[in-house]
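Here's the letter readout for the chains.
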Amino acid sequence: ALGDRMDNYHITKTDKLWALTKEGAQRASKTASTKAEITALAGEFLQGKTASLKIHKEDGTIQEERTFPRSADPRKSKG
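Keep in mind that what you see is a predicted model, and the values were worked out from it rather than measured. (Residues numbered from 1 in each chain as written. Predicted model: local features only at pLDDT ≥ 70, side-chain atom pairs only at ≥ 80, totals over all residues. Heavy atoms only, no water.)

**Observations concerning the packing of aromatic side chains**
Cut-off, in case you're wondering: In summary, the pairing rule links any two rings of Phe, Tyr or Trp, Trp by its six-membered ring, whose centres are within 6.5 Å, and it sorts them by plane angle into stacked for under 30 degrees, edge-to-face for over 60 and tilted for everything else. Secondary structure follows DSSP: runs of H or I at least 4 residues long count as helices, runs of E at least 2 residues long count as strands, and numbering of each begins at the N terminus. In this scheme, a residue with accessible area under 20% of its type's maximum is buried, one over 50% is exposed, and one in between is partly exposed, where area comes from a 1.4 Å probe on protein chains only. In our convention, an over-ring charge means Lys NZ or Arg CZ found within 6 Å of a ring centre and within 35 degrees of that ring's normal.
According to the stated counting rule, one finds 1 aromatic pair in the structure shown. An angle of 75° between the planes, with centres 5.8 Å apart, marks the rings of Tyr9 and Phe45 as edge-to-face. Separated by 36 residues along the polypeptide, Tyr9 in strand E1 (residues 7–13) and Phe45 in helix H1 (residues 35–45) bring together distant segments of the chain. Accessibility expressed as a relative area gives 23% for Phe45, which makes it partly exposed. Stacked on the ring of Phe45, the Lys or Arg Lys49 has its end atom at 4.3 Å from the ring centre.

**Details of the pattern of salt bridges**
Threshold: The rule for a salt bridge is simple: a side-chain nitrogen of Lys or Arg has to be within 4 Å of a carboxyl oxygen of Asp or Glu.
With the rule as written, the count across this model stands at 4 salt bridges. The salt bridge involving Lys13 is made with Glu58; its shortest N-O contact spans 3.5 Å. Pair noted here: Lys13 is in strand E1 and Glu58 is in the loop between strand E4 (51–56) and strand E5 (62–68), with a separation of 45 residues, a long-range link.

Structure below.
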């Protein structure tokens, strides 16, 4: 529902690691050495949560945005 609070998470490159960080949090929820790994970890971590995930490139620009749960994503509507 629209009333649900949606948490915003970001995947960003830190010094040597990729990090999944909740917006406003000081510390990363998860870290991984590759982008593929952090993206997979994020998918598991956000399972069952209402959240948006912004995946950043190494230069900090946003590459892609995902919405959890997947059913909340308007692009996946039938028709």
